[in-house]
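# Survey of secondary and tertiary structure
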Amino acid sequence: MGRGLLLISLFIAATALTYSSAFMAKSVSPSPSLATNTTTHAPNTTTHSSNTTTHAPNTTTHAPNTTTHAPNTTTHSPNTTTHAPNTTTHSPNTTTHAPNSTTHSPNSTTHSPNSTTHSPNTTTQAPTPPPTPTPPTKLTVGNYNVTDGKGKICILAKLEIQIRVNTSEVNGTFIVQPNMTTAHGKCETNTASITLAFTEGNLTLQFNNSETAKKVYVDDVEYSFTYAFKKGDSKTYSGKNKSLELFAAAQGDSYSCTAETVYMGNGVSLDLSNYRLQAFNIKNNQFGAPDLCKADKPDYRVPIAVGIILIILIVIVVIAYLISRKRRTDGYQSL
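Residues numbered from 1 in each chain as written. Predicted model: local features only at pLDDT ≥ 70, side-chain atom pairs only at ≥ 80, totals over all residues. Heavy atoms only, no water.

With that settled, the discussion passes to the pairing of strand β9 (residues 153-166). In the case of a regular strand, side chains alternate between the two sheet surfaces. In terms of burial, β9 is largely enclosed, as eleven of its 14 residues are buried. Both strand β8 (residues 142-147) and β9 contribute to a ladder of six bridges, which runs antiparallel. The residue bridging Y144 from the neighbouring strand is A157, located in β9. With antiparallel pairing between neighbouring strands as the criterion, β8 and β9 make up a hairpin whose turn holds five residues, including G151 at a positive phi of roughly 85 degrees. Sheet analysis places β9 next to strand β17 (residues 268-279), joined by ten bridges and oriented antiparallel. Across the sheet, the residue bridging to K158 is R276, located in β17. Here five bridges tie β9 to strand β10 (residues 171-175), and the two strands are oriented antiparallel to one another. Residue pairing in the sheet places N166 in a bridge with N171 of β10. The hairpin turn running from β9 into β10, its antiparallel successor, is four residues long. (Buried < 20%, exposed > 50% of the residue type's maximum accessible area, 1.4 Å probe, protein only. Helix = DSSP H or I, 4+ residues; strand = E, 2+ residues; numbered from the N terminus. Pairing = 2+ DSSP bridges.)

Moving on, we come to the state of the cysteines. As used in these notes, a disulfide is a covalent bond between sulfur atoms, one from each of two cysteines. Inspection of the entire model under this criterion finds two disulfides. In this model, C257 is linked to C293 through a disulfide, with the two sulfur atoms separated by 2.1 Å. A torsion of 70 degrees about the S-S bond marks the disulfide between C257 and C293 as right-handed. Taken together, the residues C257 in strand β16 (residues 254-265) and C293 in the loop between β18 (290-292) and α2 (301-330) connect sequence positions 36 residues apart. Taken N- to C-terminal, the disulfide-bonded cysteines of the protein are connected 1-2, 3-4. (Disulfide = S-S within 2.5 Å.)

The next subject is the nonpolar core. Counting residues in hydrophobic clusters, the biggest one holds 43 residues, and the most contacted among them are I194, F207, V221, F225, F247 and L270. Mapped by element, the contributors of at least two residues to this core are β8, β9, β12 (191-198), β13 (201-210), β14 (215-230), β15 (233-250), β16 and β17. Contacts of F225, omitting those with residues within four sequence positions, involve I163, V165, F174, F198, E200, G201, K235, T236 and Y237. (Core = buried A, V, L, I, M, F, W, Y, C linked by side-chain atoms within 4.5 Å. Contact = heavy atoms within 4.5 Å.)

There is a patch of nonpolar side chains on the surface, built from Y300, V302, I304, V306, I308, I309, L310, I312, L313 and I316 and spanning about 970 Å² of accessible area. Here I312 is to be found in helix α2. Under the relative-accessibility criterion, I312 is labelled partly exposed at 45%. (Patch = residues over 30% accessible without salt bridge, like charges linked within 9 Å, V, L, I, M, F, W, Y side chains within 5 Å. Areas by Shrake-Rupley, 256 points an atom, 1.4 Å probe, with all protein chains shown as cover. Salt bridge = Lys/Arg side-chain N within 4 Å of Asp/Glu carboxyl O.)

Another point: the sheet that holds β12. Read from one edge of the open sheet, five strands run β11-β12-β13-β14-β15, paired in antiparallel fashion. Bordering the open sheet on either side are β11 (181-187) and β15, each of which pairs with just one other strand. Across the sheet, the mean angle from the axis of one strand to that of its neighbour is 15 degrees, orientation sign disregarded. Pairing geometry for β14 and β15, over 13 bridges, is antiparallel. Paired with S224 across the bridge in β15 is S238. (Axes fitted to C-alpha atoms, helices over the stretch in contact; angles between N-to-C directions.)

Let us look at the pattern of salt bridges. One pass over the structure, following the stated rule, counts six salt bridges. When the shortest N-O distance is used, the salt bridge between K235 and E169 registers 2.5 Å. Taken together, the positions of K235 in strand β15 and E169 in the loop between β9 and β10 put the pair 66 residues apart, joining distant regions of the chain. Relative accessible area serves as the criterion here: at 27%, K235 is assigned to the partly exposed category.

Another aspect to go through is empty space enclosed by the protein. Counted according to the given criterion, the structure contains two cavities of 30 Å³ or more. In this structure, the largest cavity encloses a volume near 60 Å³. Forming the boundary of the largest cavity are F207, V216, Y217, V218, F247, A249, D253, Y255, L277, Q278 and A279. Mapped onto the lining of the largest cavity, the elements with two or more residues apiece are β14, β15 and β17. Across the lining of the largest cavity, the residue classes break down as nine nonpolar, one polar and one charged. The volume enclosed by the second largest cavity comes to roughly 50 Å³. Every residue along the wall of the second largest cavity is listed here: I155, A157, L159, I161, I194, L196, L203, L205, F207 and L277. Contributions of two or more residues to the lining of the second largest cavity are made by β9, β12 and β13. In terms of residue count, β9 provides more of the lining of the second largest cavity than any other element does, four residues in total. When grouped by side-chain class, the residues that make up the lining of the second largest cavity number ten nonpolar, no polar and no charged. (1 Å grid on protein atoms, 1.4 Å probe; cavity = no way out; pocket = protein on both sides within 12 Å on 5 of 7 lines; lining within 4 Å. Points joined across faces, edges and corners; volume = space filled by probe spheres on them. Nonpolar A, V, L, I, M, F, W, Y, C, P; charged D, E, K, R; others polar.)

Below, the structure written as structure tokens:
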């Protein structure tokens with residue numbers, strides 16, 4: 001059994017060697033003998049891959065020109081050189097052009113929204129300094145007027161103004177500055193008003209023209225202002241005084257006074273000085289004859305009293321003289 005297998009194996013090996021020799025003989029072709037040494041060159045084969053150009057959308061992609069050379073293989077048989085014919089097999093240069101297919105993607109322009117973020121304008125203000133009294137100033141005469149719709153003056157005012165506040169908490173004076181004061185008002189048939197507006201507030205005088213009494217006077221005084229008589233203590237003061245008969249003057253005359261005070265209540269007094277007021281019947285835009293206030297009118301009572309006293313003294317002296325003379329006469333007798 002074992003010998004049979006050995007024989008079968010040898011038979012198969014011999015058969016394989018025979019087929020191998022036959023195959024090698026077929027693969028090597030005989031060529032004329034050039035010399036004792038024969039060199040067998042494998043055919044130089046050059047393979048050109050096709051140039052393929054693929055146009056992507058808006059994109060041209062060129063595949064690189066690739067040349068593949070088979071390796072030069074030289075087989076030396078011992079003492080025998082067999083030159084195989086130099087066979088160069090060129091594969092046809094085949095260029096396959098894909099159709100020029102240009103695919104344009106739609107012009108899609110995406111604009112991000114113009115988003116501008118502004119940080120809020122934050123202004124940090126320095127803390128407001130506490131209100132303080134204004135620097136001391138002097139009283140100044142201001143000239144003011146009010147005109148009607150036709151441009152005719154119906155009120156003339158020339159005065160110095162200060163407002164005094166005297167309470168348990170405050171004791172101070174606020175002076176109205178003419179250069180920081182404007183005047184406006186209204187003119188009617190028998191009433192007229194003037195408002196003096198300044199930075200801290202305002203003051204209003206209302207005039208009444210009485211046809212019965214034949215005189216003009218102020219029957220309403222109003223004020224309102226905010227001021228700090230103490231540092232850091234700003235307060236608003238306001239008041240009204242009606243049913244008055246102030247600054248009375250005959251129609252066509254002006255009211256004149258050196259100094260006068262109007263008490264407004266709640267410890268507030270209105271001081272007017274070196275002032276002159278007139279409403280209605282103004283001629284040539286000038287004040288009429290002055291009607292003096294009581295304080296400015298001359299007081300004749302003292303001179304009269306002094307005169308009366310002097311007369312009494314003179315009478316007493318004369319009587320005493322006559323009495324003394326009569327006594328002297330009675331002391332003598334006639335001869």
